Amino acid sequence: MKHSDLPLNKVLLGDCIETMESLPEGSVDMIFADPPYNLQLKGDLHRPNNTKVDAVDDDWDQFESFQAYDEFSKRWLKAARRLLKPDGTMWVIGSYHNIFRVGSILQDLGFWMLNDVIWRKTNPMPNFRGRRFTNAHETMIWVAKDKDARYRFNYEAMKSLNDDLQMRSDWTLPICSGGERLKKDGVKAHPTQKPESLLYRVVLSSTQPGDVILDPFFGTGTTGAVAKKLGRNWIGLDQDKDYAEMAERRILRVKPIEDLELLRTESKRSAPRIPFGSVVERGMLKPGDVLYDGRRRYSAKVRADGTLVTADFKGSIHQTGAFVQKAPSCNGWQFWHVEQKGQLVCIDAFRERLRAELN
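Rules used in this analysis
Residues numbered from 1 in each chain as written. Predicted model: local features only at pLDDT ≥ 70, side-chain atom pairs only at ≥ 80, totals over all residues. Heavy atoms only, no water. Pairing = 2+ DSSP bridges. Helix = DSSP H or I, 4+ residues; strand = E, 2+ residues; numbered from the N terminus. Domains from an automatic or database assignment. Buried < 20%, exposed > 50% of the residue type's maximum accessible area, 1.4 Å probe, protein only. Contact = heavy atoms within 4.5 Å. Polar contact = N/O pair within 3.5 Å; in protein donor to acceptor, adjacent residues only side chain to side chain. Salt bridge = Lys/Arg side-chain N within 4 Å of Asp/Glu carboxyl O. Axes fitted to C-alpha atoms, helices over the stretch in contact; angles between N-to-C directions. Core = buried A, V, L, I, M, F, W, Y, C linked by side-chain atoms within 4.5 Å. Phe/Tyr/Trp six-rings, centres within 6.5 Å; stacked < 30°, edge-to-face > 60°. Lys NZ or Arg CZ within 6 Å of the ring centre and 35° of its normal.

Novice: Could you give an account of the sheet that holds strand 15 (residues 337-340), naming the residues involved and the relevant values?
Specialist: The six strands lie next to each other as 14-13-12-11-15-16, forming an open sheet whose pairing is antiparallel. Where the open sheet ends on each side, the last strands, each with one partner, are strand 14 (314-315) and strand 16 (343-346).

Novice: Talk me through the pairing of strand 4 (residues 112-121); I want residue IDs and the actual numbers.
Specialist: In this sheet, strand 5 (residues 137-144) lies alongside strand 4 in antiparallel orientation, the contact comprising eight bridges. Its bridge partner being in strand 5, Arg 120 is matched across the sheet by His 137. The sheet contact formed by strand 4 and strand 6 (residues 170-173) spans four bridges and is parallel. From the neighbouring strand, Trp 119 faces strand 6, where its bridge partner is Trp 171.

Novice: Can you explain the domain arrangement of the chain? Please cite residues and give values.
Specialist: Assigned domains within the chain: domain 1 (10-263) and domain 2 (276-357). Computed from C-alpha coordinates alone, the two centres of domain 1 and domain 2 are separated by 45 Å.

Novice: Provide a residue-level description of the environment of Asp 215, including the pertinent values.
Specialist: With respect to the helices and strands, the residue Asp 215 is situated in strand 9 (residues 212-215). Since its relative accessible area comes to 3%, Asp 215 is described here as buried. Considering only alpha carbons, one finds Asp 215 and Val 345, 130 residues apart in sequence, at a separation of 46 Å. When residues no more than four places from it in sequence are discounted, the contact partners of Asp 215 are Phe 32, Thr 223, Ile 235, Gly 236 and Leu 237. Engagement of the side chain of Asp 215 in a polar contact is seen with the backbone nitrogen of Phe 217, the distance being 2.9 Å.

Novice: Break down the pattern of salt bridges for me, with residues and values.
Specialist: If you walk through the whole model with that rule in mind, you get 15 salt bridges. One salt bridge in this structure joins Lys 194 and Asp 34, with 2.8 Å as the shortest N-O distance. You can see Lys 194 sitting in the loop between strand 8 (187-188) and helix 5 (196-206) and its partner Asp 34 sitting in the loop between strand 2 (28-33) and helix 2 (66-83), a full 160 residues away along the chain. Classification of Lys 194 as buried rests on a relative accessible area of 5%. One salt bridge connects Arg 282 with Glu 357, and the closest N-O pair in it is separated by 3.0 Å. Of this pair, Arg 282 sits in the loop between helix 8 (276-281) and strand 11 (290-292) while Glu 357 sits in helix 11 (residues 348-358), and the two are 75 residues apart along the sequence. On the basis of relative accessibility, which here comes to 48%, the residue Arg 282 falls in the partly exposed class. For Glu 357, a relative accessible area of 46% gives the class partly exposed. Among the ionic contacts, a cluster of salt bridges with common partners joins Glu 196, Lys 229 and Arg 250.

Novice: Would you mind going over the side chain of Thr 89 in detail, with residue names and values included?
Specialist: Examined against the element boundaries, Thr 89 turns out to sit in strand 3 (residues 84-94). Here the side chain of Thr 89 touches Trp 142 through a polar contact of 3.1 Å, side chain to side chain. Beyond its immediate sequence surroundings of up to four residues, Thr 89 is in contact with Asp 29, Met 30, Ile 31, Leu 84, Leu 114, Trp 142, Val 143, Ala 144, Tyr 151 and Ser 206.

Novice: Can you break down the sheet that holds strand 5 residue by residue, with the values?
Specialist: To summarise the sheet geometry, strands pair through backbone hydrogen bonds and adopt either a parallel or an antiparallel arrangement. The strand order across the open sheet built from eight strands is 1-10-9-2-3-5-4-6, with neighbouring strands paired in mixed fashion. The open sheet has two edge strands, strand 1 (10-13) and strand 6, and neither has a second partner. The mean angle between the axes of side-by-side strands here comes to 20°, regardless of whether they run parallel or antiparallel. Across two bridges, strand 2 lies against strand 9 in parallel orientation.

Novice: Any details on the pairing of strand 5? Residues and values, ideally.
Specialist: Within strand 5, seven of the eight residues are buried, leaving the element largely enclosed by the surrounding structure. Examined bridge by bridge, strand 3 and strand 5 share six bridges and lie antiparallel to one another. Each residue of the ladder has a partner; that of Ile 93, found in strand 5, is Met 140.

Novice: Any details on the nonpolar core? Residues and values, ideally.
Specialist: Core analysis: the largest hydrophobic core is formed by 33 residues, its most contacted members being Met 20, Trp 76, Met 90 and Leu 214. Listed by contribution, the elements that provide at least two residues to this core are helix 1 (16-22), strand 2, helix 2, strand 3, helix 3 (99-108), strand 5, strand 9 and strand 10 (233-238). Per element, the largest residue contribution to this core is seven residues, and it comes from helix 2. Beyond its immediate chain neighbours, meaning those up to four positions away, Leu 214 contacts Met 20, Leu 23, Val 28, Met 30, Ile 31, Phe 32, Leu 83, Ile 235 and Leu 237. By size, the runner-up hydrophobic cluster in this structure holds 32 residues, among which are Leu 199, Val 203, Ala 225 and Ile 251.

Novice: I'd love a proper account of the packing of aromatic side chains, names of residues and values included.
Specialist: We describe a pair of aromatic rings using the distance from one ring centre to the other and the angle between the two ring planes. Using the criterion set out here, one finds 13 aromatic pairs in the structure. On the numbers, 6.3 Å between centres and 65° between planes, the contact of Phe 153 with Tyr 155 is edge-to-face. Under the relative-accessibility criterion, Phe 153 is labelled partly exposed at 37%. Ring geometry for Phe 335 against Trp 336: centres 4.8 Å apart, planes inclined by 80°, an arrangement best described as edge-to-face. With respect to burial, Phe 335 and Trp 336 carry one shared label: buried. Among the aromatic residues, ring-to-ring pairing joins Trp 91, Trp 142, Tyr 151, Phe 153, Tyr 155 and Trp 171 into one connected group. Sitting above the plane of the Phe 111 ring, Arg 81 keeps its charged end 5.6 Å from the centroid. The cationic tip of Lys 121 hangs over the ring face of Trp 119; the distance from NZ or CZ to the ring centre is 5.1 Å.

Structure below.
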């Protein structure tokens, strides 16, 4: 599939299902979908001061029944699955009104669940009637095309974004407000505009520069704006001409980053394999050097052939690390350290140095 076969970086106006069915099969790397929530609102909602709440009461969020909503969901999800590449993934966001129904259909269609991510809003709308808990979160479901898919997950990028801690599945981010919120005639242009910070994590976590991201419910174009910022291609679908024009103007103002190297986060899994023996061959460590774990509980000596030896075991850095801990496995690169100038240095630093030379 060539990118030239796709209408890249454009908003396509019309029915999202018909448009998806017209695009080439297996052509999209990632889909982000913010479908109608089917909120089933009855009557106007007012604040305690009697001002009207600008809630989601648009025609596109109205369905006659749960059955009608489920049928709509099945149709667009089937069309979306057809578009995904074999290793592609999809994100679907929703509220308690619809996300469980969508999740069930996703599994029925053969998608493979990877995570449900909770977007916890730092500034949610209050519950004005005081008869329920404040709705302070939305749920995103992240799925692969099937259970055998070799999907992309930029683990290192997410860890770096989170101060070198594993990124959890609960994300605390504010709702879209202030200067980021698009307005028309002084009021918000779209009732469910998502914040760019949310899409930033989604896009960075599961795509790479140059990938194609499709949004079948494009609205005011948050997905496209973030995709352009991060060097990804995008395709937006929407049936509302006003939203489409608004999204195009918004994205046109985005300045992309020209140096793509600033956007890449290399996966350690895809990095060149460096055997521990190479570290010994290069003289970074010498036969007889003593390695320790990070708390100096265990030690082992380096052998000339790149293995380690303790009082009663000999093996690779991984096998020896597992043996001394009585553990089933061990990442020896992370476990073993060498003392340099009175400080313990993780031997993984030597591997990274050799990888940098290869690059």
